[in-house]
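The chain contents come next:
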Amino acid sequence: MVVPVPATAATRPAAAAGGPVSGGTVASGAVAGSAVPGSAVAGRPPAGSSAGRRRVTSRAELEQTAFALFAAHGFDATTVDEIAAAAGIGRRTFFRYFPSKNDIPWGAFEDELDRMRVRLKAGPPEVPLMDAIRLALIDFNRVSPAQVPLHRRRMELILRVPALFAHSTLRFTAWREVIAEFVAERTGHRSEDLAPQAIAHAVLGVSVAAYEHWLDAPAADLGALLDDAMRQLGAAFGAADG
């Protein structure tokens, strides 16, 4: 998550390649931001042409190149060949970094899920269940101020480009499973039991709601929104228990 999706390695200060690009509202798969450096004002990088371009050498750099193309031309209209050409790499090399174009906005998602597992397990056992999840969720989605525009662009793509939102189903399932496993461990249930699954679905729901509100309110603080949403969810579960 962020969300559901984390602040991935590419949005953390030490890993970001190039500076952040201003975000904006997605329209027809486009994300506001700068055009690809070196490209013609209204042109597109010729597929298969990498002359004069420095070859991309990391996953984060390739992500940045792709995000610039998405901003200039829209997600749906940008092809893998165009991304590879702009990055100065071949199509085959592109697929060594990402399984598909749809996977680019998710960054190193599997690595981030492992980080969330570690963060959840590191919480003191005396902390109430919903508080433990709330604190881990806020930490998991913490983004430095300099990287907020990039993270906003990432989440606009994931949540507001129809093709990507549909693709998110498997990612959201994996994210919920991390929460369900933690709930099961703390409550003595199996992760596939109703209670852990219900909590995992609910946590994902309030996280997405917080992110949607954040995207609509540029001045809002993401951590505060997640904190408020999770406190309300925790209160609801507490009332149900009572």
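Anything mentioned here points back to the structure above.
Since the structure is predicted, the reported quantities are computational estimates derived from the model, not experimental observations.

Asker: Explain the overall build of the chain here, please?
Answerer: From N to C terminus, the chain includes nine helices and zero strands. What you see in the chain, going N to C, is helices and strands ordered as α-α-α-α-α-α-α-α-α. Within the chain, the proportion of its 242 residues that are buried is 48%.

Asker: When you look at the nonpolar core in this model, what are you seeing that I'm missing?
Answerer: For soluble globular proteins, nonpolar side chains are generally found buried alongside one another. Membership of the largest hydrophobic core comes to 40 residues, with the highest contact counts inside it found for Met116, Ile133, Leu159, Trp175, Ile179, Val203 and Met230. At the level of secondary structure, the elements contributing two or more residues to this core comprise helix 4 (109–122), helix 5 (129–140), helix 6 (148–160), helix 7 (162–187), helix 8 (194–216) and helix 9 (222–241). The element best represented in this core is helix 8, accounting for ten residues. When residues no more than four places from it in sequence are discounted, the contact partners of isoleucine 179 are Met116, Leu120, Ile133, Ala200 and Val203. Core analysis: the second largest hydrophobic core is formed by 20 residues, Val56, Leu69, Ile89 and Val161 among them.

Asker: What should I look at first to understand helix 1 (residues 59–73) in this one?
Answerer: Owing to its 3.6 residues per turn, the α-helix aligns residues three or four sequence positions apart on the same side. Its 15 residues place the ends of helix 1 21 Å apart at the C-alpha level, agreeing with the 21 Å of an ideal helix rising 1.5 Å per residue. Counting buried positions over the 15 residues of helix 1 gives twelve, a clear majority of the element. Taken as a whole, helix 1 has its buried residues at Ala60, Glu61, Leu62, Glu63, Gln64, Thr65, Ala66, Phe67, Ala68, Leu69, Phe70 and Ala71. Its buried side turned inward, helix 1 meets helix 2 (80–87), helix 3 (91–97) and helix 6. Backbone geometry just after helix 1 places glycine 74 at a positive phi near 95 degrees.

Asker: Please clarify how the packing of aromatic side chains should be interpreted in this entry.
Answerer: For any pair of aromatic rings, the description consists of the separation of the ring centres together with the inter-plane angle of the planes. The tally for this structure, following the rule as stated, stands at eight aromatic pairs. Pairing phenylalanine 165 with phenylalanine 172 gives two aromatic rings, centres 6.2 Å apart and planes at 70 degrees, and the pair type is edge-to-face. Residue phenylalanine 165 is classed as partly exposed on the basis of its relative accessible area, which comes to 38%. Judged by its relative accessible area of 8%, phenylalanine 172 is buried. One aromatic cluster is present, built from ring pairs that chain together Trp106, Phe109, Phe165 and Phe172. Note that lysine 101 overlies the ring of phenylalanine 75, its terminal NZ or CZ placed 4.3 Å from the centroid. When the ring centre of tryptophan 214 is taken as origin, the NZ or CZ atom of arginine 152, which lies over that ring, is 4.1 Å away.

Asker: I would appreciate a short explanation of the pattern of salt bridges in the present structure.
Answerer: Oppositely charged side chains can form a pair if their charged atoms are brought close together. Scanning all chains against the criterion turns up 16 salt bridges. A salt bridge links arginine 154 to glutamate 63; the shortest N-O distance between them is 2.6 Å. Taken together, the positions of arginine 154 in helix 6 and glutamate 63 in helix 1 put the pair 91 residues apart, joining distant regions of the chain. Across this residue pair, the class does not change: arginine 154 and glutamate 63 are buried.

Asker: Would you mind showing me how to read the environment of tyrosine 211 here?
Answerer: Within the secondary structure, tyrosine 211 is located in helix 8. Residues tyrosine 211 and glutamate 156 lie 55 residues apart in sequence; the distance between their C-alpha atoms is 9.3 Å. Of the polar contacts made by the side chain of tyrosine 211, one reaches the side chain of asparagine 141; its length is 2.7 Å. At 2.8 Å, the side chain of tyrosine 211 forms a polar contact with the side chain of histidine 151.

Asker: Just to check I follow, could you spell out the packing of helix 5 against helix 8 for this structure?
Answerer: Their axes nearest at 12 Å, the elements helix 5 and helix 8 cross at an angle of 40 degrees. As judged from the angle between their axes, helix 5 and helix 8 are oblique. For the element pair helix 5 and helix 8, the recorded crossing hand is right-handed. Contacts between helix 5 and helix 8 involve Leu129, Met130, Ile133 and Leu137 from the former and Ile199, Val203 and Ser207 from the latter. Along the lines of polarity and charge, the residues of the contact of helix 5 with helix 8 split into six nonpolar, one polar and no charged.

Reading guide: rules and limits
Residues numbered from 1 in each chain as written. Predicted model: local features only at pLDDT ≥ 70, side-chain atom pairs only at ≥ 80, totals over all residues. Heavy atoms only, no water. Helix = DSSP H or I, 4+ residues; strand = E, 2+ residues; numbered from the N terminus. Buried < 20%, exposed > 50% of the residue type's maximum accessible area, 1.4 Å probe, protein only. Core = buried A, V, L, I, M, F, W, Y, C linked by side-chain atoms within 4.5 Å. Contact = heavy atoms within 4.5 Å. Expected span 1.5 Å × (residues − 1). Phe/Tyr/Trp six-rings, centres within 6.5 Å; stacked < 30°, edge-to-face > 60°. Lys NZ or Arg CZ within 6 Å of the ring centre and 35° of its normal. Salt bridge = Lys/Arg side-chain N within 4 Å of Asp/Glu carboxyl O. Polar contact = N/O pair within 3.5 Å; in protein donor to acceptor, adjacent residues only side chain to side chain. Axes fitted to C-alpha atoms, helices over the stretch in contact; angles between N-to-C directions. Parallel < 35°, antiparallel > 145°, perpendicular 65-115°, else oblique. Left-handed = near helix turned anticlockwise from the far one by under 90°. Nonpolar A, V, L, I, M, F, W, Y, C, P; charged D, E, K, R; others polar.

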